[in-house]
There are 2 protein chains.
Amino acid sequence: MGRLTGGDPSLLRRINSAVVLQALRAATASAPPDAASASLTDLTLATGLSRPTVEGVVDGLIDSGLAAEVPAEEGGVRRQGRPARRFRFRAEAGHLLGIEIGAHRVAALLSDLDGRALGSTVREVSEKAPADERLERVRAAVAELLRHAGVERHSLRAVGVGSPGIVEADGTVHLCTALPGWTGLPLGERLRRSFRCPVLVENDANTAAVAEHWKGAAVGSDDVVFVLAGLSPGAGSLIGGRLHRGYGGAAGEIGALHLLGREASPEQVLSTTGEPLNPLDEAQVVRVFALARDGDARARAAVDRFIRRLVHDTAALVLALDPEVVVVGGWATDLDGMLDPLRDELARYCLRPPQVAQSLLGEAAVTTGALRLALDHVEAELFAVDSTVTARRARR
Amino acid sequence: MGRLTGGDPSLLRRINSAVVLQALRAATASAPPDAASASLTDLTLATGLSRPTVEGVVDGLIDSGLAAEVPAEEGGVRRQGRPARRFRFRAEAGHLLGIEIGAHRVAALLSDLDGRALGSTVREVSEKAPADERLERVRAAVAELLRHAGVERHSLRAVGVGSPGIVEADGTVHLCTALPGWTGLPLGERLRRSFRCPVLVENDANTAAVAEHWKGAAVGSDDVVFVLAGLSPGAGSLIGGRLHRGYGGAAGEIGALHLLGREASPEQVLSTTGEPLNPLDEAQVVRVFALARDGDARARAAVDRFIRRLVHDTAALVLALDPEVVVVGGWATDLDGMLDPLRDELARYCLRPPQVAQSLLGEAAVTTGALRLALDHVEAELFAVDSTVTARRARR
């Protein structure tokens, strides 16, 4: 960091505080919670700030609960004379939630400020449940999760939410065909009543893409397409490591790709009777797949049609975006024979075929990604020196 | 800009120089070249630098040819006593080229350092011409253009090039099916032999997207898909105002979208005889379109099939990317009835349909975008204080 002069003192304090907190967290993140700590000398070296400045900041962080002094007997090497004071980041000073709202279930994941999972919960919900009932199910799941983990609600610093549909920046659902009463729902506003912290709502396939990039099949790759395979498929993508939402939040809403220039909907494609399936009746779909595995010829043909269609949709996404990795998640991942035909198709049609991987996070993908969004928010608040400086420069 | 301390003096000089040059150009850009100028007082106010610093920088800029002192009689208000010295940015101090290399033609566009066009030229070339012949045609076009404009070759500061195919960062063509001998060609390296300045090679649809954003149908919109319609369609996209190249430079290579899940290639689709057309034989295509306009039923059916296919391809891109605006260019734009079916299809299948516009730049789109890339490069070099500062901070 270049030193900055001429700013207002409170801003300078905020920047110094963020720099020290970042250094403290980095010093303690890689080791087990109780083992690692940093001395004032460590922090002075890591930040380039003066020792009195660091000491003042650390005392402020202790007052606010974000740092703790590690008692000398735990703190490692003891030298002659008075032992050096040592400090650690208090990841337990706040908590984060990642919430999934789906057609058949709601789920929640709880973590500390380091993103370490402390517990999770899942509740079933009817695909026909109205919005109020679905939201009530979310609240009940969260209450149970907090209670089991012994975490107070006011300790939550941010909540991320993954939902089907096109979600606007303020958390309103612009359009959603998968959940009853969801289109037009001010989902962010409704959930904010239950929490006193920021609530960030994002499309579910987008959160899953973020999750696979964070700790799943796309770790180390910044250009990722995640396909949430199912009867009504969706997709999320990262470009240069950042979520690509599109101009109106509708990027990757590939449900309609199924239909482009074709006659049959996926519900018809997967039908063995000529009558279309109910797109939300997953039990019926599971039966078709089970029949196919048992060798039923009509079911096998239906599943083949379905896989071929999904493969085409994914290939279209790949041609448009040219990702490094395609991750396939959702229930269709369980199908034998989804990934190999996809690889073949991509090799055939794409000028530069990407890697194809199966989701590593499976059913945890949406909650994990929602949690990551909450963590991003808190990190930007607590640690983001650069954005503070940039904002300051932009204002001048 | 926050002032920076502790840097090395030559870096500080560079930053100051960029800041003053930027202010000088801004002061003179909005007015006709000979009318506008800035005094030392203007530049001191605009930059926040001290008067002696500004004066030193301006003298350096005059030495390097990037600024000129405006003689007092031209320079506006005359006060009592010695008139204030006034200065202007010398846009004529350097020049830029935008080059298009296509299947049937090569073209070039010349500008000054403000991006003001000074001339252009087009030469036909056979779609069967080998790479050496095509490159020779490019060199001849450029030589003619420079001669006509009276611009010396060594005055070129950067050259942008738009070419079909997947282009790597160093300007090597990774894959190109449209031009003979083009796959694997070190295009950037070959062209650099003709110029002593940087040569930037980019996919042609990408450069066209940049052009429409700069001064065409997508001005004011940062999320743009440009479709270069033709027998072998391509697309370029801007996301947040920046070109989206994809992980391997293959984003928008939608030629294969035509084929996904379908039986017929576009050459078959457009055929009136059952025999596929030659994808590069545009004269044959033009005949089919002329027949269709004259009411020939088989030609009309072929054109309808072709438009429907192109509309589907574009819709797939829109579903993947969710742009604010889709700009359609290339020869298929001339077809009556391309844009309306596209709007209908997008309204039908996209959850949030984008605006649809026809290219405003037409045949000039690729050279204009290539020129803009060259201009971006020079601006980053001459004016980019932020990137200089960022680079410096990254090194620390």
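Criteria and cut-off values
Residues numbered from 1 in each chain as written. Chains lettered and ligands numbered in written order. Predicted model: local features only at pLDDT ≥ 70, side-chain atom pairs only at ≥ 80, totals over all residues. Heavy atoms only, no water. UniProt positions renumbered as here; feature names shortened; annotations may be inferred. Helix = DSSP H or I, 4+ residues; strand = E, 2+ residues; numbered from the N terminus. Buried < 20%, exposed > 50% of the residue type's maximum accessible area, 1.4 Å probe, protein only. Contact = heavy atoms within 4.5 Å. Areas by Shrake-Rupley, 256 points an atom, 1.4 Å probe, with all protein chains shown as cover. Salt bridge = Lys/Arg side-chain N within 4 Å of Asp/Glu carboxyl O. Phe/Tyr/Trp six-rings, centres within 6.5 Å; stacked < 30°, edge-to-face > 60°. Lys NZ or Arg CZ within 6 Å of the ring centre and 35° of its normal. Pairing = 2+ DSSP bridges. Axes fitted to C-alpha atoms, helices over the stretch in contact; angles between N-to-C directions. Core = buried A, V, L, I, M, F, W, Y, C linked by side-chain atoms within 4.5 Å. Parallel < 35°, antiparallel > 145°, perpendicular 65-115°, else oblique. Nonpolar A, V, L, I, M, F, W, Y, C, P; charged D, E, K, R; others polar. Left-handed = near helix turned anticlockwise from the far one by under 90°.

An unreviewed UniProt entry lists chain A under the name ROK family protein, with Streptomyces botrytidirepellens as the source organism. Recorded under Sequence similarities (unreviewed entry), the UniProt text for chain A is reproduced unchanged: "Belongs to the ROK (NagC/XylR) family."

Student: Would you take a moment to explain the overall build of chain A for this structure?
Tutor: From N to C terminus, chain A includes 12 helices and 15 strands. Counting every position in chain A, which comprises 396 residues, the buried fraction comes to 54%. Counting contacts in chain A only where the partners sit at least 6 residues apart, residues at least 24 apart contribute 64% of the total. With an accessible surface of roughly 17400 Å², chain A has 49% of that area assigned to carbon and sulfur atoms.

Student: Just checking my understanding: could you explain the pattern of salt bridges for this structure?
Tutor: Inspection of every chain in the model, using the stated rule, returns 44 salt bridges over all chains. Among the salt bridges present, the one from E100(B) reaches R105(B), with a minimum N-O distance of 2.8 Å. R105(B) gets classed as buried once you look at its relative accessible area, which sits at 17%. For the salt bridge of E136(B) with R139(B), the shortest nitrogen-to-oxygen distance reads 3.1 Å. Taken together, the positions of E136(B) and R139(B), both in helix α4 (residues 131-149) and three residues apart, correspond to about one turn of that helix. Assessed through its relative accessible area of 25%, R139(B) is described here as partly exposed. Taken together, the shared-partner salt bridges connect R25(A), D112(A), D114(A), R116(A), R372(A), D376(A) and E379(A) into one network.

Student: Is there a simple way to think about the packing of aromatic side chains in this case?
Tutor: Aromatic rings in a pair are described by how distant their centres are and how their planes are angled relative to each other. Evaluation of the coordinates by the stated rule reveals zero aromatic pairs over all chains. In this structure, K215(A) is placed above the aromatic ring of W214(A), and the distance from its NZ or CZ to the ring centre is 4.4 Å.

Student: I keep staring at the sheet that holds strand β15 (residues 355-358) of chain B and nothing clicks. Help me out?
Tutor: Think of a sheet as strands paired side by side through backbone hydrogen bonds, with each pair either parallel or antiparallel. All names here are of chain B. The five strands are arranged β13-β12-β11-β14-β15 in an open sheet whose pairing can be described as mixed. Where the open sheet ends on each side, the last strands, each with one partner, are β13 (242-243) and β15. With five bridges joining them, strand β11 (residues 224-228) and strand β12 (residues 234-239) adopt antiparallel strand pairing. Among the inter-strand pairings, V224 is bridged to a residue of β12, identified as L238. Sitting on the sheet, helix α9 (residues 297-321) touches β11, β12 and β14 (325-329), and the angle it makes with β11 is about 160 degrees. Against the sheet, helix α10 (residues 339-349) contacts β14 and β15, and its axis sits at roughly 165 degrees relative to β15.

Student: Quick question: what am I supposed to make of the nonpolar core here?
Tutor: Burial of nonpolar side chains together is a common tendency in soluble globular proteins. Of all hydrophobic cores here, the largest spans 60 residues; its most connected members are L317(A) and L317(B). If we skip the residues at most four places from it in the chain, L317(B) touches A320(A), V225(B), V227(B), A235(B), I254(B) and D322(B). Core analysis: the next-biggest nonpolar cluster, separate from the first, contains 33 residues, A108(A), W182(A), F195(A) and V201(A) among them.

Student: In this structure, what is going on with the packing of helix α6 (residues 204-215) of chain B against helix α11 (residues 365-383) of chain B? I would like to understand it.
Tutor: Any two packed helices are characterised by how steeply their axes cross, that is the angle between the axes, and by the distance between the axes. All names here are of chain B. Between α6 and α11, the least distance of the axes is 7 Å, while the angle of their chain directions is 80 degrees. For the element pair α6 / α11, the angle class is roughly perpendicular. When α6 is examined against α11, the residues D204, T207, A208, V210, A211, E212, W214 and K215 are found in contact with a partner set consisting of A365, V366, T368, G369, A370, L371, R372, L373 and L375. Looking at the contact of α6 with α11, its residues break down into 10 nonpolar, three polar and four charged.

Student: Is there a simple way to explain the packing of helix α2 (residues 40-47) of chain A against helix α3 (residues 51-64) of chain A in this structure?
Tutor: Residue and element names in this part refer to chain A. Closest axis-to-axis distance for the α2/α3 pair is 9 Å, and the angle between their directions is 110 degrees. Taken together, the axis directions place α2 and α3 in an arrangement best described as roughly perpendicular. Where α2 crosses over α3, the two elements pack in a sense that is right-handed. Together, L40, T41, L43, T44 and T47 of α2 and R51, V54, E55 and V58 of α3 make up the contact between the two elements. Split into classes, the residues belonging to the contact of α2 with α3 amount to four nonpolar, three polar and two charged.

Student: Hey, could you run me through the pairing of strand β7 (residues 156-163) of chain B in this one?
Tutor: Each regular strand shows side chains that alternate between the opposite faces of the sheet. All names here are of chain B. Burial analysis of β7 places seven of its eight residues in the buried class, the great majority of the element. Pairing of β7 with strand β10 (residues 199-203), which is carried by five bridges, proceeds in the parallel orientation. Within β10, the position partnered with G162 by the bridge is E202.

Student: Is there a simple way to think about the sheet that holds strand β4 (residues 95-101) of chain A in this case?
Tutor: Residues and elements named next belong to chain A. A sheet is described by the order of its strands in space; here five strands give the open sequence β6-β5-β4-β7-β10, paired in mixed fashion. Because the sheet does not close on itself, it has two edges, and the strands there are β6 (117-124) and β10 (199-203). If you compare each strand with its neighbour and ignore which way they point, the axes differ by 15 degrees on average. Alignment of strand β5 (residues 105-112) against β6, held across seven bridges, turns out to be antiparallel. Bridge assignment links S111 to a residue of β6, and that residue is A117.

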